[in-house]
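# Per-entry structural report
If you want the building blocks of each chain, they are given just below.
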Amino acid sequence: YEFSDADLARIELVTQWLKSFCSATTQMSTTKCPMLSSAHAIFHGLQESLQEDLAELPDSVPVKLQSALTSAHLKLSDYYFKVDELPFYVWASSMLLFLQVSLATS
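The structure contained in this document is the topic of the report that follows. Throughout this description, residue numbers start from 1 for each chain and increase along the sequence as written. The model is predicted, so local features are restricted to residues of pLDDT at least 70 and side-chain atom pairs to those at 80 or more, both for listing and for counting; the totals for chains, interfaces and linings are taken over all residues. Remark: hydrogens and water are excluded; side-chain values derive from all non-hydrogen atoms of the structure.

## Some details on the pattern of salt bridges
Short version of the rule: In the sections that follow, a salt bridge refers to a side-chain nitrogen of Lys or Arg positioned within 4 Å of a carboxyl oxygen of Asp or Glu. Labels follow the DSSP assignment, with helices taken as runs of H or I lasting at least four residues and strands as runs of E lasting at least two, numbered in each case from the N terminus.
The full count for this structure, using the stated rule, is one salt bridge. A salt bridge links Asp-7 to Arg-10; the nearest nitrogen and oxygen atoms lie 3.5 Å apart. With Asp-7 and Arg-10 both in helix H1 (residues 5-29) and three residues apart, the pair spans about one turn of that helix.

See below:
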């Protein structure tokens, strides 16, 4: 079997999405820095990336692929708003800002 140009373009598109998710997963699973304060930003960045990808999809992309990306965006949106409702993330972000200001003035 030989891939067509359209097949290769689809593979490249899916690879870009997987890289975005891989990067977010790696950032979220690190243990060397506080993740609570950055989880919100990571979710937001990934969600923006998916939204841009959805807006730029060519008409030739199969419906199944569009559906998968839309489902991923919606699922991420669910998590994003769950995180947004928890006071721990706001507290952690505030503490990080406080620490940064304290270190900068020291």
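Read on for the rest.
## Some thoughts on the environment of Ala-39
Here is the rule: Accessible area is worked out with a 1.4 Å probe on protein chains only. A residue is then buried under 20% of its type maximum, exposed over 50%, and partly exposed in between.
Take Ala-39: it is sitting in helix H2 (residues 36-55). Here Ala-39 falls in the buried class, since its relative accessible area comes to 3%.

## Focus: the side chain of Asp-7
As a reminder of what qualifies: Any pair of nitrogen or oxygen atoms within 3.5 Å is treated as a polar contact; in protein, a donor-acceptor pairing is required on top of that, and neighbouring residues in sequence qualify only through side-chain atoms on both sides.
With relative accessibility at 18%, the residue Asp-7 sits in the buried group. Within polar-contact distance, the side chain of Asp-7 engages the side chain of Tyr-1 at 2.8 Å.

## Regarding a nonpolar patch on the surface
Quick note on the threshold: Residues enter patches when they are more than 30% accessible in relative terms and free of salt bridges; like-charged ones are connected within 9 Å and nonpolar ones (Val, Leu, Ile, Met, Phe, Trp, Tyr) within 5 Å. Only the protein chains shown count as cover for residues, and all accessible areas are computed by the Shrake-Rupley method using a 1.4 Å probe.
Taken together, Tyr-1, Phe-3, Leu-8 and Ile-11 make up a surface patch of nonpolar side chains, about 490 Å² in accessible area. Structurally, the position occupied by Tyr-1 is in the segment before H1.

## Looking at the packing of aromatic side chains
Convention followed: The aromatic pairing rule takes the rings of Phe, Tyr and Trp, using the six-membered ring of Trp, and pairs them if the centres are within 6.5 Å, calling planes under 30 degrees apart stacked, those over 60 edge-to-face and the rest tilted.
Within the structure shown, the criterion is met by one aromatic pair. Their ring planes at 85° and their centres at 5.5 Å tell us that Tyr-1 and Phe-3 sit as a pair that is edge-to-face.

## Details of the nonpolar core
Rules: What we call a nonpolar core is a set of buried Ala, Val, Leu, Ile, Met, Phe, Trp, Tyr and Cys residues that are connected through their side-chain atoms within 4.5 Å. Note on contacts: a residue pair is in contact if any heavy atoms of the two residues lie within 4.5 Å.
Within the largest apolar cluster, twelve residues are counted, these being Leu-13, Trp-17, Ala-24, Ile-42, Phe-43, Leu-46, Leu-50, Leu-57, Val-61, Leu-65, Leu-69 and Leu-76. Elements supplying a minimum of two residues to this core: H1, H2 and helix H3 (63-85). Top contributing element to this core by residue count: H2, with four residues. Setting aside chain neighbours within four positions, we find Leu-76 in contact with Phe-43, Leu-46, Gln-47 and Leu-50.

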